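# Coordinates in review
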Protein chains: 2
Amino acid sequence: MKRNTWQREAVREALGTTDGFVSAQGLHAALRDGGSPIGLATVYRALSDLADGGEADSLQSMEGEALYRACSTDGHHHHLICRNCGLTVEIEADAVETWATQVASANGFSQPQHIVDVFGLCAACTRATTA
Amino acid sequence: MKRNTWQREAVREALGTTDGFVSAQGLHAALRDGGSPIGLATVYRALSDLADGGEADSLQSMEGEALYRACSTDGHHHHLICRNCGLTVEIEADAVETWATQVASANGFSQPQHIVDVFGLCAACTRATTA
DNA sequence: CCAGACTTTGACAATCATTATCAATTGTAC
DNA sequence: GTACAATTGATAATGATTGTCAAAGTCTGG
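Residues numbered from 1 in each chain as written. Chains lettered and ligands numbered in written order. Predicted model: local features only at pLDDT ≥ 70, side-chain atom pairs only at ≥ 80, totals over all residues. Heavy atoms only, no water.

## What about the protein's contact with DNA strand D?
Close contacts around DNA strand D come from 21 residues, with Arg3 and Tyr44 of chain A together with Thr5, Thr42 and Arg45 of chain B the closest. Protein-proximal atoms of DNA strand D, defined as those within 4 Å of the protein, fall in sugar or phosphate at a share of 63%. Interatomic distance of 2.7 Å between a side-chain N/O atom of Thr42 of chain B and a phosphate oxygen of DNA strand D. Taken together, the elements giving at least two residues each to the surface near DNA strand D come down to helix 3 (40–52) of chain A together with helix 1 (6–16) and helix 3 (40–52) of chain B. Looking at the surface near DNA strand D, its residues break down into seven nonpolar, six polar and eight charged. (Near = heavy atom within 4 Å. Polar contact = N/O pair within 3.5 Å; in protein donor to acceptor, adjacent residues only side chain to side chain. Helix = DSSP H or I, 4+ residues; strand = E, 2+ residues; numbered from the N terminus. Nonpolar A, V, L, I, M, F, W, Y, C, P; charged D, E, K, R; others polar.)

Take a look at the structure:
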């Protein structure tokens, strides 16, 4: 049985009000700063529950942290992430989906899963870096 | 100045004789089993040197480990990996390359990097699992 | 509203991969 | 061979994540 606790709500809301991807640690820090006495372990649990339930997406940052995000699009999609400021754009990639499936089956693989993410510098950060 | 030590050679060779991706820990264990007194830290250092020098590819497994592999293809390419036995197929993906670049610039992003890997069950493991 | 059953919490310890430390060792150039 | 600087490796340190378990919270049926 799943129960409704203010902690879970807090995590869900904190995720919702964040623009880009956040680490569990970062989200915990933010909640603490906001005055919430929530525990770190609880944030980890809530996040992986949300990810399991499809309410959040997760990915590994290039530094090896697990990052989470509440995504607006319901279905399967990928991300374009600014490696400087964290700005995230959701991208549809039907072409890539079918490509992945094809490549997999062409080589005899079943149950394909794929990791497809694009990192870069957003327009603003590109300007800032160049300047 | 770069020096040639038997340790570096050992790592290079161990990588070369491995089919799929290996974790640093796994490679170290293999070398030790083979009678080499090489140190764990050294394996890590050698691997990241090889990766830097373009002699090896690295990726993050779904379990959060860093995996390494000596790749035959010189240029940029991606991988199709069996999540059960580690069998790896190198795949060319021009379509994906251009797609990534396009998506990035369409959204104002510069310096695009992308992570594109496909995991699945290879033919053999599919049979084994179904049986 | 109340009790009891069952979850969830959270402080803390434990784990796991990886990185830093630093003295001892070993290539390399001359 | 000698001297110098890079490399090694045992071990400690780090940092994210997960396990533990008693205490506290939540839901359900009376």
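Next, the rest of the story.
## Observations concerning the nonpolar core
Core analysis: the biggest nonpolar cluster contains 30 residues, and Leu80 and Trp99 of chain A together with Leu80 and Trp99 of chain B have the highest contact counts within it. Of all elements in the fold, only strand 4 (78–82), helix 4 (94–106) and strand 6 (110–121) of chain A together with strand 4 (78–82), helix 4 (94–106) and strand 6 (110–121) of chain B reach the threshold of two or more residues within this core. The residues contacting Trp99 of chain A, other than those within four sequence positions of it, are Ile91, Ala93, Val96, Val116 and Val118 of chain B. (Core = buried A, V, L, I, M, F, W, Y, C linked by side-chain atoms within 4.5 Å. Buried < 20%, exposed > 50% of the residue type's maximum accessible area, 1.4 Å probe, protein only. Contact = heavy atoms within 4.5 Å.)

## As for the packing of helix 1 (residues 6–16) of chain A against helix 3 of chain A
Residues and elements named next belong to chain A. Between helix 1 and helix 3, whose axes approach to 10 Å, the crossing angle comes to 70 degrees. Judged by the angle between their axes, helix 1 and helix 3 are roughly perpendicular. Once helix 1 is placed against helix 3, the crossing between them reads as right-handed. Taken together, the residues of helix 3 that come into contact with helix 1 (itself represented by Gln7, Arg8, Val11, Arg12 and Leu15) are Thr42, Val43, Ala46, Leu47, Asp49 and Leu50. When grouped by side-chain class, the residues that make up the contact of helix 1 with helix 3 number six nonpolar, two polar and three charged. (Axes fitted to C-alpha atoms, helices over the stretch in contact; angles between N-to-C directions. Parallel < 35°, antiparallel > 145°, perpendicular 65-115°, else oblique. Left-handed = near helix turned anticlockwise from the far one by under 90°.)

## A look at the protein's contact with DNA strand C
Taken together, the neighbourhood of DNA strand C is formed by 22 residues, with Thr42 and Arg45 of chain A together with Arg3, Tyr44 and Ala66 of chain B sitting nearest. When atoms of DNA strand C within 4 Å of the protein are split into backbone and base, the sugar-phosphate part holds 66%. Contact between DNA strand C and Thr5 of chain A: a phosphate oxygen at 3.0 Å from a side-chain N or O atom of the residue. In the environment of DNA strand C, a phosphate oxygen lies 3.5 Å from a nitrogen or oxygen atom belonging to the side chain of Arg32 of chain A. At the level of secondary structure, the elements contributing two or more residues to the surface near DNA strand C comprise helix 1 and helix 3 of chain A together with helix 3 of chain B. With four residues, helix 3 of chain B is the largest single contributor of residues to the surface near DNA strand C. Tallied by class, the residues present in the surface near DNA strand C amount to eight nonpolar, six polar and eight charged.

## Observations concerning the interface of chain A and chain B
On the side of chain B, 33 residues touch chain A, which itself brings 33 residues to the contact. Counting each side, the surface lost to burial between chain A and chain B is near 2900 Å², with a carbon and sulfur contribution of 65%. Of all residues in chain A, the largest losses of buried area upon contact with chain B belong to Trp99, Phe109 and Ile115 of chain A, amounting jointly to 24% of the total for that side. Scanning the region where chain A abuts chain B turns up zero salt bridges. Scanning the region where chain A abuts chain B turns up 14 residue pairs in polar contact (both at pLDDT 80 or more). (Buried area = accessible area lost by both parts, 1.4 Å probe. Salt bridge = Lys/Arg side-chain N within 4 Å of Asp/Glu carboxyl O.)

## As for the sheet that holds strand 3 (residues 66–69) of chain B
All names here are of chain B. Read across the open sheet, the three strands follow the order 1-3-2; overall the sheet is antiparallel. Sheet topology places strand 1 (22–23) and strand 2 (57–60) at the edges, where each strand pairs with a single neighbour. Where strand 2 meets strand 3, four bridges bridge the pair, whose relative direction is antiparallel. Paired with Leu59 across the two strands is Leu67, which belongs to strand 3. (Pairing = 2+ DSSP bridges.)

## A look at the confidence of the model for chain A
Considering every residue of chain A, the mean pLDDT works out to 89; 100% of them sit at 70 or more. At the level of individual helices and strands, chain A shows its lowest average pLDDT in helix 5 (residues 123–130) of chain A, which scores 88, and its highest in helix 2 (residues 24–33) of chain A, which scores 94. (pLDDT = per-residue confidence, 0-100.)

## A short note on the relation of the copies chain A and chain B
Laying chain A over chain B is done by rotating through 180 degrees and shifting 0.0 Å along the axis; what remains is an RMSD of 0.2 Å. What the rotation and shift describe, once combined, is the action of a two-fold rotation axis. Judged by C-alpha distance, Val116 of chain A is the residue of chain A that lies nearest the rotation axis, at 2.2 Å. Mapped onto chain B, 100% of the interface residues of chain A are again interface residues, and the two copies thus contact each other with one and the same surface. (Least-squares fit on C-alpha atoms with pLDDT ≥ 70 in both.)

## Considerations on the domain arrangement of chain A
All names here are of chain A. Splitting chain A by domain gives domain 1 (1–72) and domain 2 (76–131). Surface buried jointly by domain 1 and domain 2 totals about 690 Å² across both partners, of which 62% is contributed by carbon and sulfur atoms. When residues of domain 1 are sorted by the area they lose upon contact with domain 2, Phe21, Leu59 and Met62 head the list and together hold 48% of the total. Summed over the shared surface of domain 1 and domain 2, the result is one salt bridge. (Domains from an automatic or database assignment.)

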